[in-house]
Amino acid sequence: MDISNKKLFKQQCFINGEWIDSEDNQVLEVNNPATQDILGTIPNCGKNETKIAILAAEKSWTNWKSKTAKERSGILKKWFKLIEENHEDLSKIMTFEQGKSINESRAEITYGASFVEWYAEECRRVYGDTIPDILEDRRTIVIKQPVGVVGAITPWNFPSSMITRKCAPALAVGCPVIIKPASQTPYSALALAALAEEAGFPKGTINVITGSAKDIGFELSTNPIVRKLSFTGSTEIGKILLKQCSSSVKKVSMELGGHAPFIVFEDAEIDAAVDGAMLSKFRNSGQTCVCANRIYVHEKIYDEFIDKFTKKVNKIKVGNGMEETTISGPLIDQYSLKKVQEHIDDAVNTGAKIATGGKLHSLGGTFFQPTILINVTKKAKITYEETFGPVAPIYKFSSEKEVIEMANDSPYGLASYFYSRDIGKIWRVAEALEYGIVGINTGIISKAETPFGGIKESGLGREGSRYGLDDFLEIKYINIAGI
């Protein structure tokens, strides 16, 4: 990799402060999705190595949780500073292994670092309560304490920020972490571990293990030493992990699948809505859990919106993410490519028309044309299944009641968006949408200061904001008598 700080490119796991290989020296190859070149290898670890990491984290817990909030804050601040200092190298590593444009990678490193900075500050504000007691000789106190060893399983689409969004609050309140990154994008996680080591985190406080998702995930979700599991990924895998976590009644955070509606009402500023749809739908080539999956446009402005939206989409530059002018990179793998094409073909077979795109890009590989589907029907798979690709299906609606029913007709409830200038409608629709996040007149909704998470089959818990701390804390009630 063409990076300045060669120490960031690690091809070993980080367990108990040591860089190690798997017990049997088996490895997995990591490819660049844009070129299919082999970037390197990672250890193919399993249950035994995971147990070692869990024991290391458990051993470190007593020391880490006993540090003052100010001490933990100081180390987190050093980690944040090192991430900022190595910003460009971390961005390049991400683009090499994930494929997204270098400008999107830079934005993600900034976004990811913001969680480290935020929780370095917020951990000094973990407050309890005193409660007036009904008896004169008693006092009631509520305190918050770290939950314990945390397992964090992160996805390939945001390989840096999903780690910091989970681990920064856990570390801030005194929990050691074991990170299992996606095998497609492990180097971003290992680079963050290298910087964490330099920042001065005690041995065992941060561990990164690569390899078999099934074996590592099973151990993290069933081992009773692990008190909390945080997972970002598909609803299907999330349900499996939930069942496994039930064996030891773990605390869990689940950020699962999404199927975001994006509604454009007749009173919306159309140009702003088009720009918002571009940001929401085509960021990371549509490979985000909060991207617009169903775009609903009022019948009065339907044709105008499609015309303006199509012109914008046709200007998207598809290419290798390392090229500064690239907007849309490749899909992560052939499976993703196949699913995108399947959803397009099914939509067309059920009545939709392709306004633009619809095919494999001339670059070949896993590059796909940014696509708009119009006149999409409720029968199409894309109406109910998450596509995870650069495909924008557009639906027509005629009333507020109708579109709310259409938008809520999904087992998912992560993110939603709508555009309107009517203050009454804004309140009504925001409250009616069955989603954990509602973006109004914007296509970008994520930041460190706000609670990220969904309802229904999109998950449990929240990440980010002060609410994100509570997911890594236990509440203890103390009653003192005989005063």
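In case you missed it, the structure is sitting above this.
What you see is a predicted model, and the numbers here were worked out from it, not measured in a lab.

Engineer: How should the overall build of the protein be read in this particular structure?
Structural biologist: A count of helical and extended segments in the protein gives 14 helices and 22 strands. Since a compact globule built from 483 residues should have a radius of gyration of about 23 Å, the 23 Å found for the protein is in line with a globular shape. Here the C-alpha coordinates of the protein stretch approximately 70 × 60 × 40 Å along the principal axes. Contacts in the protein between residues at least 24 apart in sequence constitute 73% of all its contacts with a sequence separation of at least 6. Summing over all exposed atoms, the protein offers an accessible surface of approximately 19800 Å²; the carbon and sulfur share of this is 52%. Side-chain charges of the protein comprise 58 positive and 60 negative groups, with the mean position of each set lying 2 Å from the other.

Engineer: Any chance you could explain the nonpolar core here in plain terms?
Structural biologist: For soluble globular proteins, nonpolar side chains are generally found buried alongside one another. Counting 57 residues, the largest nonpolar core has Trp-79, Ile-83, Leu-171 and Phe-201 as its most contacted members. Residue contacts for Ile-83: discarding those within four places in its chain leaves Leu-90, Ile-109, Ala-113, Val-116, Leu-192 and Leu-195. By size, the runner-up hydrophobic cluster in this structure holds 36 residues, among which are Tyr-302, Ala-392, Leu-414 and Ala-415.

Engineer: Is there a simple way to think about unusual backbone geometry in this case?
Structural biologist: Backbone geometry follows two general trends: most residues other than glycine have a negative phi, and most peptide bonds adopt the trans configuration. Unusually for a residue other than glycine, Phe-388 sits at a positive phi of about 60°. Tracing the backbone shows Phe-388 in the loop between β15 (371-374) and β16 (391-397). Here Lys-456, not a glycine, exhibits a phi torsion of approximately 50°, which is positive. Looking at where Lys-456 falls in the secondary structure, it is placed in strand β20 (residues 455-456).

Engineer: Before we go on, may I ask you to explain the pairing of strand β8 (residues 177-180) in this structure?
Structural biologist: Both faces of the sheet carry side chains from a regular strand, because those side chains alternate between them. Here β8 shows a buried face lined by Val-177 and Ile-179 and a second buried face lined by Ile-178 and Lys-180. As paired elements, strand β7 (residues 149-153) and β8 share four bridges and run parallel to each other. Among the inter-strand pairings, Val-150 is bridged to a residue of β8, identified as Val-177. Following the backbone out of β7, through helix α5 (residues 161-173) and into the adjacent parallel β8, one traces a crossover that is right-handed. Pairing geometry for β8 and strand β9 (residues 206-208), over three bridges, is parallel. Looking across to β9, one finds that Val-177 is bridged to Ile-206. One crossover worth recording links β8 to the parallel β9 by way of helix α6 (residues 187-199), and it is right-handed.

Engineer: Even after reading the chapter, I still don't get the packing of helix α2 (residues 69-85) against helix α4 (residues 102-122), so can you show me in this structure?
Structural biologist: When two helices pack together, their arrangement is captured by the angle between the axes and the distance separating the axes. Taken N-terminus to C-terminus, the directions of α2 and α4 make an angle of 165°; their axes are 8 Å apart at the nearest point. With respect to α4, the axis of α2 lies roughly antiparallel. The two elements α2 and α4 meet at a crossing, and its hand is left-handed. Facing α2, whose interface residues are Ser-73, Leu-76, Lys-77, Trp-79, Phe-80, Ile-83 and Glu-84, α4 presents Ile-109, Ala-113, Val-116, Glu-117, Tyr-119, Ala-120 and Glu-121. Tallied by class, the residues present in the contact of α2 with α4 amount to nine nonpolar, one polar and four charged.

The rules behind each value
Residues numbered from 1 in each chain as written. Predicted model: local features only at pLDDT ≥ 70, side-chain atom pairs only at ≥ 80, totals over all residues. Heavy atoms only, no water. Helix = DSSP H or I, 4+ residues; strand = E, 2+ residues; numbered from the N terminus. Rg over C-alpha atoms; globule rule 2.2 N^0.38 Å. Contact = heavy atoms within 4.5 Å. Areas by Shrake-Rupley, 256 points an atom, 1.4 Å probe, with all protein chains shown as cover. Lys, Arg positive; Asp, Glu negative; His and termini not counted. Charge placed at Lys NZ, Arg CZ, Asp CG, Glu CD. Core = buried A, V, L, I, M, F, W, Y, C linked by side-chain atoms within 4.5 Å. Buried < 20%, exposed > 50% of the residue type's maximum accessible area, 1.4 Å probe, protein only. Pairing = 2+ DSSP bridges. Right-handed = clockwise from strand over helix to strand, strands pointing away. Axes fitted to C-alpha atoms, helices over the stretch in contact; angles between N-to-C directions. Parallel < 35°, antiparallel > 145°, perpendicular 65-115°, else oblique. Left-handed = near helix turned anticlockwise from the far one by under 90°. Nonpolar A, V, L, I, M, F, W, Y, C, P; charged D, E, K, R; others polar.

What is shown is where atoms sit, not what they do.
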